[in-house]
Amino acid sequence: MKMLKKIWAWIDDRSGITEMLNPLIKHLVPPGSKWSYVFGSATLFCLVLQVITGVALSLLYQPSSSDAYQSLQFITHQAKFGNLLRGIHYFGASAMIIMVGIHMIRVYITAAYKYPREMGWISGVLLLFLTIAMGFTGQLLRWDSNGVWSSVVAAEQLGRIPLIGKLAARLLMGGNTVGGHTLSRFYSYHVFVIPAILFILVAFHLMLVIRNGISEPPKMGRPVDPKTYRQWYKDMLAKVGVPFWPYSAWRDILFGAATIIAIIALAYIYGPPELTQPPNPAYIYTNPKPDWYMLAIFSLFALMPPKIESVVIFVGPVLTVLILLCLPFISHKGERSALRRPWAVFGSICVIVFVFSLFLLGEQSAWSPQFTAKPLTPTAIHSSDTLVIHGAALLYQRGCLYCHKVDNTGGLKGPELTNIARRLSDEDLRVRIVNGGTNMPAYGGILKKEDLTAIIAFLNTRK
Ligand code: HEC
């Protein structure tokens, strides 16, 4: 024991570890920064877990198009704990994205991005994009048809950006098509380029937390005034601040540990995403489905009317990034309490609902529906009855045509509906539509009764 102490004393004296860590451990934090403050550190816990499992995976993974799939099969089925390892890395990525998201929403709702923490927000936004980029590049490394085709879809979308699209797609892919060169490029992005930037930014982000302090829980009627805030914060800390360790840190550690245990448990129970067949350009019936955290973005592009698509693909992301980055400059002072910022709360809820609906849409549509289906033309509607016309319009509006073909319009995911009324009675149709089926969403809760009647009326005109 004495010996150990001596050794530690020597190490500490020569390296200055304690001296270095003291400001981290002992810095004062505002009291009352409770459970809502744990998500940032939980993200960090996930990141550490990702680094560890990622390095472990890289020991066995072979980033070449001829061997990648095989090496993953080996990791999954033969290597000891390989399956669990892949599972942890997958669920860890998911958890990290969820934690980043919650952390960001918390910061926004409590307006913790206001003076003097603007830089924390900006670095945080960049970290969000880097995290997503890690997920995106990691997915391709699986080198099965799902991973590869999802990247192909993304590259095609990127390529449609006016002017710079083609170049950007080529830069991303390392060529005009997805192939071995893309794999080595993505591997390099995933294990060298993005992590390097990520680590620097995380260090910067944490440094800012120490420099500017953790934001105090907002209080109504106590606006942020850049002129007096720093002094006020200092006085407040001197009066009521508590040392980070252990008064606040225990929550971070407890929640972080729980997160990691949950990730490992999920990995143990569900395992990693199954590898679909190896990518094969000749196999056109694949049903590529990106990992869930990419799904919302994919659905957004897939569901967009083609006319506005090329504009939106360019303007949308640029605008989103600009708004996010400019936020702390647009409102860097004033009220922080969510109760005094109803629009901020409303906006957050809208964004959450929007992203979540896109996700659900993407989840249901399992990726092969033809989202470019056009509405039925008057020639396809053999009637002037308003109910029938309404029904035909609904087939388009409700997305039936994404999966079902009527005459020459529509996708092939579901059976053709051109003459479906020959086979199915009204009652049968009703049941099928309301209950859905394999790969068909149940429309019971979505369609109004009159809408259902209209759709059936339309289908009945075509016996
Ligand atoms: C995501 C794709 C998808 C969408 C959107 C979709 N369907 Fe389907 N639909 C299917 C699939 C797949 C089947 C086959 C279901 C099965 O095997 O159980 C099907 C089956 C059906 C059937 C029964 C066909 C038969 O031959 O048994 C009807 C009727 C039908 N859909 C109508 C509709 C209508 C009306 C809508 C819009 C309100 C719609 N579907 C939207 C995929 C879809």
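As the structure is a prediction and not an experimental result, all values here were calculated from the model.

A. Quick look at the overall build of the protein chain. Scanning the protein chain from N- to C-terminus turns up 20 helices and two strands. Its C-alpha atoms give the protein chain principal-axis dimensions of roughly 90 × 60 × 45 Å. Here the protein chain holds 463 residues, and the buried ones make up 43% of them. Counting only carbon and sulfur atoms, one obtains 69% of the accessible surface of the protein chain, whose full area is about 25600 Å².

B. The arrangement of the packing of helix α6 (residues 118-141) against helix α9 (residues 180-212) in detail. Taken N-terminus to C-terminus, the directions of α6 and α9 make an angle of 160 degrees; their axes are 9 Å apart at the nearest point. It follows from the interaxial angle that α6 and α9 lie roughly antiparallel. Crossing of α6 against α9: the hand is left-handed. Among the residues making up the contact of α6 with α9, the classes are represented as 21 nonpolar, nine polar and no charged.

C. Focus on the site of the ligand. Neighbouring the ligand are 22 residues; Cys400, Cys403, His404, Arg423 and Met440 lie closest to it. Residue His404 places a side-chain N or O atom 2.6 Å away from a nitrogen atom belonging to the ligand. Taking Arg432, its side chain carries an N or O atom lying 3.3 Å from an oxygen atom of the ligand. Contributions of two or more residues to the shell around the ligand are made by α17 (400-403), α18 (420-423) and α19 (426-435). Looking at the shell around the ligand element by element, the count peaks at three residues for α19.

D. A look at a nonpolar patch on the surface. A cluster of nonpolar side chains, namely Leu163, Ile164, Val311, Phe314, Val315, Val318, Leu319, Leu322 and Ile323, defines an oily patch on the protein surface of about 860 Å² accessible area. Examined against the element boundaries, Ile164 turns out to sit in the loop between α7 (145-159) and α8 (165-173).

E. Spotlight on the pattern of salt bridges. Across all of its chains, the model carries six salt bridges by this definition. With a closest N to O distance of 2.5 Å, Asp291 and Arg142 form a salt bridge. Of the two residues, Asp291 sits in the loop between α12 (249-270) and α13 (292-303) while Arg142 sits in the loop between α6 and α7, which places them 149 residues apart along the sequence. Linking Arg340 and Glu335 is a salt bridge whose minimum nitrogen-to-oxygen distance equals 2.9 Å. Residues joined in a network through salt bridges with shared partners are Glu216, Arg222 and Arg336.

F. Up close: the packing of aromatic side chains. Taken as a whole and assessed by the stated rule, the structure comprises 16 aromatic pairs. Taking the centre distance of 5.7 Å and the plane angle of 55 degrees together, the rings of Phe186 and Tyr189 count as tilted. In this pair, Phe186 and Tyr189 both sit in helix α9, three residues apart, roughly one turn of the helix. The positively charged end of Arg106 is found above the aromatic ring belonging to Tyr37, 4.1 Å away from the centroid.

G. Geometry of unusual backbone geometry. Tyr115 connects to Pro116 through a cis peptide bond whose omega is 0 degrees. The peptide bond linking Trp245 to Pro246 adopts the cis configuration, its omega dihedral lying at 0 degrees. With respect to the secondary-structure elements, Pro246 resides in helix α11 (residues 244-247). Phi angles above zero are rare outside glycine, and Ala111 is one such case at about 50 degrees. Here Ala111 shows up in the loop between α5 (82-109) and α6. One non-glycine residue, Trp143, adopts positive backbone phi at about 50 degrees.

H. Molecular detail of the domain arrangement of the protein chain. Examined at the domain level, the protein chain breaks down into domain 1 (31-365) and domain 2 (378-460). Domain 1 and domain 2 are separated by 39 Å when their C-alpha centres are compared.

I. Expanded view of the nonpolar core. Judged by nonpolar contacts, the single largest core of 34 residues is most densely connected at Cys46, Met104, Tyr113, Trp121, Leu127, Leu130 and Ile263. Listing elements by their share of this core, those giving two or more residues are α3 (39-60), α5, α6, α9, α12 and α14 (306-330). Counting residues in each nonpolar core, the second largest holds 24 residues, with Val388, Leu395, Ile420 and Ala454 among its members.

J. Inspection of α12 at higher detail. Given a rise of 1.5 Å per residue, 22 residues ought to cover 32 Å, and the 31 Å separating the end C-alpha atoms of α12 matches this to within 8%. Turning to α12, its buried residues number three or more, namely Ala249, Arg251, Asp252, Gly256, Thr259, Ile260, Ile263 and Ala267. Axial view of α12: buried residues confined to an arc of 160 degrees, hence all on one face. Facing away from the buried side of α12 by more than 90 degrees, the exposed set consists of Ile261, Tyr268 and Ile269. Check the buried side of α12 and you find it contacts α3, α5 and α11.

K. Summary view of the packing of α3 against α9. Closest axis-to-axis distance for the α3/α9 pair is 12 Å, and the angle between their directions is 155 degrees. By the angle class used here, α3 and α9 are roughly antiparallel. Taken as a pair, α3 and α9 cross one another with a handedness that is left-handed. Residues Leu44, Leu47, Val51 and Ser58 of α3 touch α9, and the partners they reach there are Tyr187, Leu198, Phe199, Val202 and Leu206.

L. Highlighting the side chain of His190. Along the chain, His190 turns up in helix α9. Residue His190 is classed as buried on the basis of its relative accessible area, which comes to 13%. With residues up to four places along the chain from it excluded, the contact list for His190 reads His89, Met134, Thr137, Gly138, Leu141 and Pro195.

M. Fine view of the environment of Val406. One can find Val406 in the loop between α17 and α18. Placed 275 residues apart in sequence, Val406 and Thr131 show a C-alpha to C-alpha distance of 42 Å.

What counts, and where the lines are drawn
Residues numbered from 1 in each chain as written. Predicted model: local features only at pLDDT ≥ 70, side-chain atom pairs only at ≥ 80, totals over all residues. Heavy atoms only, no water. Helix = DSSP H or I, 4+ residues; strand = E, 2+ residues; numbered from the N terminus. Buried < 20%, exposed > 50% of the residue type's maximum accessible area, 1.4 Å probe, protein only. Areas by Shrake-Rupley, 256 points an atom, 1.4 Å probe, with all protein chains shown as cover. Axes fitted to C-alpha atoms, helices over the stretch in contact; angles between N-to-C directions. Parallel < 35°, antiparallel > 145°, perpendicular 65-115°, else oblique. Left-handed = near helix turned anticlockwise from the far one by under 90°. Nonpolar A, V, L, I, M, F, W, Y, C, P; charged D, E, K, R; others polar. Near = heavy atom within 4 Å. Polar contact = N/O pair within 3.5 Å; in protein donor to acceptor, adjacent residues only side chain to side chain. Patch = residues over 30% accessible without salt bridge, like charges linked within 9 Å, V, L, I, M, F, W, Y side chains within 5 Å. Salt bridge = Lys/Arg side-chain N within 4 Å of Asp/Glu carboxyl O. Phe/Tyr/Trp six-rings, centres within 6.5 Å; stacked < 30°, edge-to-face > 60°. Lys NZ or Arg CZ within 6 Å of the ring centre and 35° of its normal. Domains from an automatic or database assignment. Core = buried A, V, L, I, M, F, W, Y, C linked by side-chain atoms within 4.5 Å. Expected span 1.5 Å × (residues − 1). Arc of directions from axis to C-beta. Contact = heavy atoms within 4.5 Å.

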